[in-house]
Amino acid sequence: MSALLKPDICVIGAGSGGLSVAAAAAAFGVDVVLIEKDKMGGDCLNYGCVPSKALLAAGKAASAHGPDPRIGVVSGPGEISFESANRHVRSVIAAIAPHDSVERFEGLGVTVLQGEARFEDAGSVVVGETRIKARRFVIATGSSAAIPPIEGLAQVPYLTNETLFELTEAPEHLLIIGGGPIGLEMAQAHRRLGSRVTVVEAQKALGRDDAELAGVVLEKIRGEGVGLLEETRVTSVRSVDGVIELSVENSHGKSVLSGSHLLVATGRTPNVQGLGLHEAGIRFSSRGIEIDRGLRTSNRKVYAIGDVVGGLQFTHAAGYQAGLVIRSILFRLPIRFDDTIMPWVTYTSPELGHVGLSEAAARARFGKGVRVLTADYSGNDRAIAEGLPLGSLKLIVGPGGRLLGGDIVGHQAGEIINLLSLALSRRLKMKDLAGFVAPYPTLGELVRRAAISYYADAPKSSIVRSIVRFLRKLG
């Protein structure tokens, strides 16, 4: 080997989690080596969150108000330039990329190595001709598109999130396998940008979310002209004279769908191959690297964070885990990853957000002590004023009025879920959510209205006591 490095921390993977660890450690003057074999910024910047939201913005503008050159809609309503929308996606990535660049991190004092990392043993990693022996390692290698074992799929050209955003012409008819958040976000975006779209989902679309609220999204997407087949299995795929054909089967029988392009959006698989995990004594499976509540692997010198550990594969989850790892490595503080406070949002129109326990999970745990409080967008003045009355909020409330979870569908649901995420993490109760002052008119009033309804069915004596406590808090 031509070089031996002995940093305090070695981070493998320059996605959101790895970059957060490296930047935070460098800010405290710690010697850090960061290794990335592909693009800085990882999946989120280059193939995931950033380009998908940019394309959704272009689709929303095309659907809502016609021309908006900033995001690629250059003509009047109904005249859409998909090529310009793609340029908007590229420009957004380019605008954010410097923040994640090699130059920036080297400026922060991080040693950046570009190449494939592989554990040589339990305490060292090799990258090309360089060997790294660090006090602690952090694996943050992310995930890749999961490709289902469908007959004929390997023999046809198909898209994943890593290639979809390279298209400069709108697909004539985009077939999508997978009705989860990625599949439905891209279905709506492409439909609004001029493509015919058909989605095939083996189970229930958006099956991880509240069924009632998810149904609002599905009805809206179907209403925009997206074909959506649920509980439908793709049995085989083939290409005939440049046309992609999906053979599908459901309770109604068998049929064939034809399209110009195929997007596979059937989930993610952790990037665990080629890392030498066996040599490092790190336990893993196809579901990801095994970690304890403190984010450590079976090799106590090595932490793992982000998509590579499976579970909730979100950029903000990786960022949260990165902060915990810094507390553990630098300050030797005890940490515990709590996935029950992790929110998520599907950025369709309307948006769909969730945090905490679902209604079913809450009832399984607390039984009859659970109440569900609701507030509809149709009763919110801001939603009415903006012509966006479609939506609803649910608060899952446990014993003593403590917030256990929340679900929301509607305009700006992703912004409103921020408040519920804070309330959940701070273990707030309905008296807290009923007592805060929301500016009028805002969508945030939905939370307060739902919380106030907690007291509607309470005994009068309880209501009086609550009012007295509330007035005392104000005065």
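Residues numbered from 1 in each chain as written. Predicted model: local features only at pLDDT ≥ 70, side-chain atom pairs only at ≥ 80, totals over all residues. Heavy atoms only, no water.

Undergrad: What should I look at first to understand the overall build of the chain in this one?
TA: In terms of regular secondary structure, the chain is built from 15 helices and 25 strands. Relative to the compact-globule value of 23 Å for 475 residues, the chain shows a C-alpha radius of gyration of 24 Å, a close match. With respect to the principal axes defined by its C-alpha atoms, the chain has extents near 75 × 60 × 45 Å. Relative to its 475 residues, the chain shows a buried fraction of 49%. At a minimum sequence separation of 6, the contacts of the chain that also span at least 24 residues come to 62%. Each charge sign in the chain was given a centre, from 52 positive and 48 negative side chains, and these centres are 11 Å apart. (Helix = DSSP H or I, 4+ residues; strand = E, 2+ residues; numbered from the N terminus. Rg over C-alpha atoms; globule rule 2.2 N^0.38 Å. Buried < 20%, exposed > 50% of the residue type's maximum accessible area, 1.4 Å probe, protein only. Contact = heavy atoms within 4.5 Å. Lys, Arg positive; Asp, Glu negative; His and termini not counted. Charge placed at Lys NZ, Arg CZ, Asp CG, Glu CD.)

Undergrad: In this structure, what is going on with the sheet that holds strand β7 (residues 130-132)? I would like to understand it.
TA: Two strands in a sheet stick together by hydrogen bonds in their backbones, pointing the same way (parallel) or opposite ways (antiparallel). Here we have four strands laid out as an open sheet, ordered β1-β7-β6-β5, and mixed in their pairing. Of all the strands in the sheet, just β1 (3-5) and β5 (117-121) have a single pairing partner and so form its edges. Each neighbouring strand pair of the sheet contributes to a mean axis angle of 30°, computed without reference to strand direction. (Pairing = 2+ DSSP bridges. Axes fitted to C-alpha atoms, helices over the stretch in contact; angles between N-to-C directions.)

Undergrad: It is not clear to me how helix α1 (residues 16-27) should be interpreted in this structure. Could you clarify?
TA: Along an α-helix, a turn takes 3.6 residues, which lines up residues three or four apart on a common side. Its twelve residues give α1 an end-to-end C-alpha distance of 16 Å, which sits within 8% of 16 Å, the value for a rise of 1.5 Å per residue. Among the residues of α1, G17, G18, L19, V21, A22, A25 and A26 are the ones counted as buried. In this fold, the buried residues of α1 make contact with β2 (9-12), β3 (32-36), α5 (102-107), β8 (136-139) and α9 (315-331). Residue G29 follows α1 closely and has a positive phi angle near 80°. (Expected span 1.5 Å × (residues − 1).)

Undergrad: Sorry, what's going on with the packing of helix α3 (residues 49-64) against helix α6 (residues 181-192) here?
TA: A pair of packed helices can be characterised by two numbers: the angle between their axes and the separation between those axes. In contact at an axis separation of 8 Å, α3 and α6 are set at 40° when each is read in the N-to-C sense. As far as their axial angle goes, α6 and α3 are oblique. At the point where α3 passes α6, the crossing takes the left-handed sense. Of α6, the residues touching α3 (which contributes S52, K53, L55, L56, G59, K60, A62 and S63) are E185, M186, A189, H190 and R192. Across the contact of α3 with α6, the residue classes break down as five nonpolar, four polar and four charged. (Parallel < 35°, antiparallel > 145°, perpendicular 65-115°, else oblique. Left-handed = near helix turned anticlockwise from the far one by under 90°. Nonpolar A, V, L, I, M, F, W, Y, C, P; charged D, E, K, R; others polar.)

Undergrad: Mind showing me how you'd approach the environment of D31 here?
TA: Position of D31 among the secondary structure elements: in the loop between α1 and β3. Distance from D31 to T111, taken between C-alpha atoms, is 8.1 Å for residues 80 residues apart in sequence.

Undergrad: What is the right way to look at the pattern of salt bridges in this model?
TA: Two side chains with opposite charge may pair up if their charged atoms get near one another. Using the criterion set out here, one finds 19 salt bridges in the structure. Among the ionic pairs, E224 bridges to K220, the shortest N-O distance being 2.5 Å. Exposure remark for E224: the relative accessible area of 19% places this residue in the buried category. Take K220: its relative accessible area is 30%, and that puts it in the partly exposed class. Between R300 and D292 there is a salt bridge whose closest N-O contact spans 3.0 Å. On the basis of relative accessibility, which here comes to 45%, the residue R300 falls in the partly exposed class. Taking relative accessible area as the criterion, D292 reaches 31% and is therefore assigned partly exposed. Linked through salt bridges whose partners overlap, the residues forming this network are E120, D121 and R131. (Salt bridge = Lys/Arg side-chain N within 4 Å of Asp/Glu carboxyl O.)

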